[in-house]
Every structure is written in structure tokens, then in C-alpha cells.
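In case you want the letters, here they are:
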Amino acid sequence: MSAAVLPSVATARESGGGHSVALNADRAVSLLVACSTARRASELHAAVLRAGLDSDRAVAFRLQRAYAASGRLDHSLTLLHRTQDPTAIFYTSAIRAHSSRGLSLAALALLSDMLSDGLLPTAHTLSASLPACRGLALGRALHAYAFKLALSGDSYVATALLGMYARAGDAAAARALFHEMQPDPHVVSVTAMLTCYANMGALDDARRLFDGLPNKDFVCWNAMIDGYTQHGNPNQALQLFRQMLRSGVQPDEVTVVLVLSAVAQLGTAESGKWLHSYVNNSRRVRLNLRVGTALVDMYCKCGSLEDAVAVFNGIADKDIVVWNAMINGYAMHGESTRALEMFAQLREQGLWPTDITFIGLLNACSHSGLVEDGRKFFRSMEQEYGIDPKIEHYGCMVDLLGRAGLIDQAFHLVQSMTVTPDAVLWVSLLAACRLHKNMALGQQIADYLVAKGLANSGMYILLSNIYAAVGKWEEVAQVRSMMKASGIQKEPGCSAIEIDRKVYEFVAGDMSHPRTDEIYAMLDKMNGLVKEHGHVPQTEIVLHDLDEPMKERALAVHSEKLAVAFGLISTEPAATIKIVKNLRACSDCHAVLKLVSKITGRKIVFRDRNRFHHFVDGSCTCGDYW
């Protein structure tokens, strides 16, 4: 690297306090330590060259660090390679710069070069190198090397080792190292152990460690919130976030993105709007691309598609990730035409689709029965964009073909797949058999899965439903006995509604709510009104050997109907009612909610396991295709 190729040139004299100061080594080091931009580093580099100070090792080291700190790792590496007999300190600085930016292979290559030069790593070298290890094999090798050099007990090295084992999911090794650090572990070690527990789903262990911390920084709070969010405890994540605010610890961007993910799981729009307002009024968190994408995803999953579109339109320099969030949002709301239009728009802007883009597109086609469009997108993945279909894409295609009644084609696709079918895909195929009453194929598939030991709870339940639909009650009892023997339990249906930023959950026949009497009074009124408007309870979907009155009663107290009844007595007459259910909506509830929207003049937004239904004036946006 020479001064001629640098963007600007400084003189060999630096002005300071109104007079000219000759540049010496100490002055150059002082200026480089304070350097924060690549342009300034280049100017100082030129001055160093002019003053003949480039051979000074302290100046060369600080110049290397200045380039690395300003993001010009290429210039930093050039300087390292031009340094005669660089010490371990030079290599360590370069390793840390690359490792901290996620450039793991480059960092480890530098460590290899250092060892090839006959230099021994220091504790700082090892602590900088270990975060670059993405697998246990190399991490354990460095652990052994640290032990050989008598450096494994160093607090920095031990903390880095714990973090490496935690990231790799080796909780036993991480825990052993953590216990060796007692009674006074470094805060970074505690955070790494906390993250390890949280990532593994050992939330009770994580919480005990978290609660025992006298001083928690936002990194610890984030680790615990993330653990709850990624392991299906969004309510706990939201509660912990509120506790964090009360404690006086200021959330950062990561915190907000994690909590938005928790809100998206819950489908609680009021909490989501409050978080959006928090971001708008925060000095620390900015509505940048990352936060904006999380907001788009949250609003889509909370049923507020208009708000999602507003946030999306307000984001400058959109990347493919936020486009994917919006496409998937349109898909889950049944706005398939808009999803496909957005794909055309992102291509016009020169963005390249990813595998996530095609999951959204295929889901959009599935929810609207766009079979030919779905086939076209599926083919184009490999042929036009070089994307190998994953199990999720095959699952979307099986769902698309199955819903459209093309079950034999869906089954053929499963048999011709280049990847092993997973449980979700088999459940989708069985569900299509049940939907279109292809009991012969459904039973054939179910028998195969049971024989191969591949059946899970969803498959057993669908098999039981297939038998029940044709009145084979002995076979139903047999399947349920198999489920009991295998310890498999049916996931209970649960519907949630948010009122004044508090979430209320209902299961079928729920009697636990303090306003139960009022809820059931409204439920009886609802059922009476929908019958007056011609609704006939679809008792054939009650797959139990019961008489008609009992089947009708079982249908009447489904969780979503209880949630809607509670919404009717708890909100203003014109307010939209939003319900989230963990399972697919049953056809009787779907019919009832359509009529309730017509009778009451209310809009009802209902999110089930697969998609959104918007009930308005007796119609649903799904067009009764779901």
C-alpha cells in the first residue's frame, strides 16, 4: 500500500493549537489511537509515510488497528503482511477484528498463519480466536491447546471457552467450566451460561441463574427474553420485558426485536402498537431496517395488515428480508394477488429472491388454490434462481395440491422427493385425505407411518378422525389406545383475545373466567341468533360416538366461540374483535363467526394455525377455501 493510492494526503506536520507540530512516533500513535474513520486513518497513514515512521513498530501496530476499527480490514491485513517479524500482538489484533465481525474462517486462517510463523498464542489470542469456532471439534482442539500452554485457567480464555461450548450446545462442558469459575465468575461468563441454558430450553435453570444476578445488564435481559421467545413462552417474554423497564435498564435494538417476535407469537395487536410507539419515542432505539422488518412481521401476525403496509412503505432502502416479511404477511392474510404482485416489484428493483421468498409465494398460492402459479414458482426456484427446494417448499406444494383435491399428485410428489419427508408434510397429506374424504389413501398412509414408527400426535389424531368420519369406532378406540400407550396427548385447542393489553385464554368448555356467567349468556344469545339466520350445527365433525344433542353442545362451547362471546361483552359496539387460536379453525366455528359478523356489524379477525380469516358482514376473506 502506498500513499499514492490513498484517498487524501496529510503533510508530515500536524497543526495543533494554531501552530505546526512535527510528526514523531509518539504524536503519530496518539493521533492513531483517537482515529475513528477510514478517511482519517488514510490521511494519517500518508503522514506517517512522509515522515518515514512506517518502520516504527508501535506506529505500524496502531495504524493496523485504526484501519481495522474503521472497517478497512483489507488495509489492516496488508499492513500486517508488510510488517517484518510481526509479534503475537499484531496477529491477535487482526484475529479479533475479523472474529468480532463474524469472519470466522479469516480469523482462524490468521491464527494458523501465526502458528506457522512459530509464534505462541497468548491468552488474548485464544480468547479472540475461540468465538470464531463454529464447531465442537476445533473448539475442543483449542481448549486442549490452551490447557497445554497453561492458559485455560485465564479468566478471558475460560470465558471464551464457555461461550464456545454454549454456542455449540454442549451444556455439560459449559456448566463444568462455569462451576470452576465460582464463586466469582465474570459477568460475560454468566451471560454465556445464561444464553446456553436459554438456547437449550432449560428455562428454569436459566431463570434461577438470571434471578441470582445482583446487577443485570441489558445483555442478560436479552438472553432471558430470547429464551422465552424461542421456546414458545411469549407471555413470559413480555412480562420480563415489562419488568426490565421497571428496573430502569434501557432496552436496545435487540431487546425490541425479540419482544416484537414474542408479541407476534401472541398475536396481541395492542401490545404491538404500544411497542411501536415506544420505538418512535425512544432515544436509544431507532426505527431502522431491522426494527422495521420486525414491526412488519409483528403487525402481519397480529392481524393489522394495514399497519404492516404503512411501516413497510416507510422503510427506505428495503432489503429482501423486509420484502419477504411483507410477502409472507399478504400470504397468511389470503391476499394472494398482492403477494404475487410484490414478487414482481422486488424483481423490478433488482432484488434477488431467497428460499424464504418462495415459501411466502407458495403459501399464497396454497391459500387461494392457485395451482398453476404454484407449480410455476416451484419450477422456477431451481431453473431460474438456483435455489434447491427444501422440505418447507415441498410441504407448501403438498398443501397446495392437497387442498385443491389433487391428492394423488401430492402423494406422487412426496414419493419423488429428493429429501426425506418430515412429520409436517405427512400430516398435510393426511389432512388432505380427510378433507376430500379419500379414506383409502389416508388409511394406507397412516398404516405405513404407524408401521414405521413415524407417527406423531398430529398423525394419530388425523388417523383417528379418518376412522371416525366413516364410523369405524373400534379403530378409533384402537388408535386412541396406541396414543395412550405411546404417551402421546392431543394438543388442546386454545383461543386467546387481548383486552386492554391483557391476554385472556379459553379452552373448549372453559368455566374458569371470572365473567363465565356473562360469557355463557352471550354464547347462548349468539347460538340462538345464528340459528335464526339459518345455521345448522355441523355435528358430523364431532368425531366422538355421541348422540346429536351432545354433539351440538360440544360444538357450541369451542374455544373460539367463547373468546368471541367475551369480546362482544368486553369491547365497544363497533370495535374489531381479534382472536388467535393454536389449531386450525373448525368448519362450524367458521360458519358461526361469519354470521356473528353479519348480525353484530363487527369485524372479526381470526388467526388459526395456518392463516388469517377476516369476517366482515357475513363473508370471510378466505372465500371458504382454507
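Look up: the structure comes first, before these words.
Residues numbered from 1 in each chain as written. Predicted model: local features only at pLDDT ≥ 70, side-chain atom pairs only at ≥ 80, totals over all residues. Heavy atoms only, no water.

1. Quick look at the overall build of the protein
Inference 1: When its secondary structure is counted, the protein shows 32 helices and eight strands.
Inference 2: Principal-axis analysis of the C-alpha atoms places the extent of the protein at approximately 95 × 55 × 55 Å.
Inference 3: Counting across all 626 residues of the protein, residues that qualify as buried make up 50%.
Inference 4: Put simply, of all contacts in the protein between residues at least 6 apart along the chain, 63% involve residues at least 24 apart.
Inference 5: Positive and negative charge centroids in the protein, built from 61 and 62 side chains respectively, lie 4 Å apart. (Helix = DSSP H or I, 4+ residues; strand = E, 2+ residues; numbered from the N terminus. Buried < 20%, exposed > 50% of the residue type's maximum accessible area, 1.4 Å probe, protein only. Contact = heavy atoms within 4.5 Å. Lys, Arg positive; Asp, Glu negative; His and termini not counted. Charge placed at Lys NZ, Arg CZ, Asp CG, Glu CD.)

2. Overview of the nonpolar core
In globular proteins that are soluble, nonpolar side chains generally tend to be buried together.
Inference 1: Of all hydrophobic cores here, the largest spans 147 residues; its most connected members are Val-296, Met-326, Leu-429 and Ile-445.
Inference 2: Top contributing element to this core by residue count: helix α15 (residues 253–266), with nine residues.
Inference 3: In contact with Met-326, other than residues within four places in its own chain, are Val-296, Cys-300, Leu-305, Ala-308, Val-309, Phe-312 and Met-342.
Inference 4: Listed in part, the 29 residues of the second largest apolar core include Ile-499, Ala-585, Leu-595 and Phe-606. (Core = buried A, V, L, I, M, F, W, Y, C linked by side-chain atoms within 4.5 Å.)

3. Some points on a positive patch on the surface
Inference 1: A cluster of basic residues, Arg-434, Lys-437, Arg-480, Lys-490 and Arg-584, forms a positive patch at the surface.
Inference 2: Structurally, Arg-584 is set in the loop between β5 (577–581) and α32 (587–600).
Inference 3: What makes Arg-584 partly exposed here is its relative accessible area of 36%. (Patch = residues over 30% accessible without salt bridge, like charges linked within 9 Å, V, L, I, M, F, W, Y side chains within 5 Å. Areas by Shrake-Rupley, 256 points an atom, 1.4 Å probe, with all protein chains shown as cover. Salt bridge = Lys/Arg side-chain N within 4 Å of Asp/Glu carboxyl O.)

4. Examining the side chain of Thr-516
Inference 1: Among the secondary structure elements, Thr-516 is positioned in helix α29 (residues 516–532).
Inference 2: Among the polar contacts listed, one links the side chain of Thr-516 to the backbone oxygen of Met-511, at a separation of 3.2 Å. (Polar contact = N/O pair within 3.5 Å; in protein donor to acceptor, adjacent residues only side chain to side chain.)

5. Examining the layout of surface pockets
If a probe the size of a water molecule is rolled over the atoms, the empty space left behind becomes visible.
Inference 1: Here the second largest pocket is characterised by a volume of approximately 510 Å³.
Inference 2: Listed by contribution, the elements that provide at least two residues to the lining of the second largest pocket are α9 (155–168) and α11 (187–200).
Inference 3: With eight residues, the top contributor of residues to the lining of the second largest pocket is α9.
Inference 4: Its residues placed into classes, the lining of the second largest pocket shows nine nonpolar, eight polar and two charged. (1 Å grid on protein atoms, 1.4 Å probe; cavity = no way out; pocket = protein on both sides within 12 Å on 5 of 7 lines; lining within 4 Å. Points joined across faces, edges and corners; volume = space filled by probe spheres on them. Nonpolar A, V, L, I, M, F, W, Y, C, P; charged D, E, K, R; others polar.)

6. Regarding the pattern of salt bridges
Inference 1: This model, assessed by the stated rule, comprises 18 salt bridges.
Inference 2: For the salt bridge of Arg-39 with Glu-43, the shortest nitrogen-to-oxygen distance reads 3.6 Å. With Arg-39 and Glu-43 both in helix α2 (residues 38–51) and four residues apart, this pair spans about one turn of that helix.
Inference 3: Residue Arg-40 pairs with Glu-43 through a salt bridge whose shortest N-O separation is 3.6 Å. Of this pair, Arg-40 and Glu-43 both sit in helix α2, three residues apart, which is roughly one turn of the helix.
Inference 4: Overall, Arg-40 belongs to the partly exposed group, its relative accessible area being 29%.

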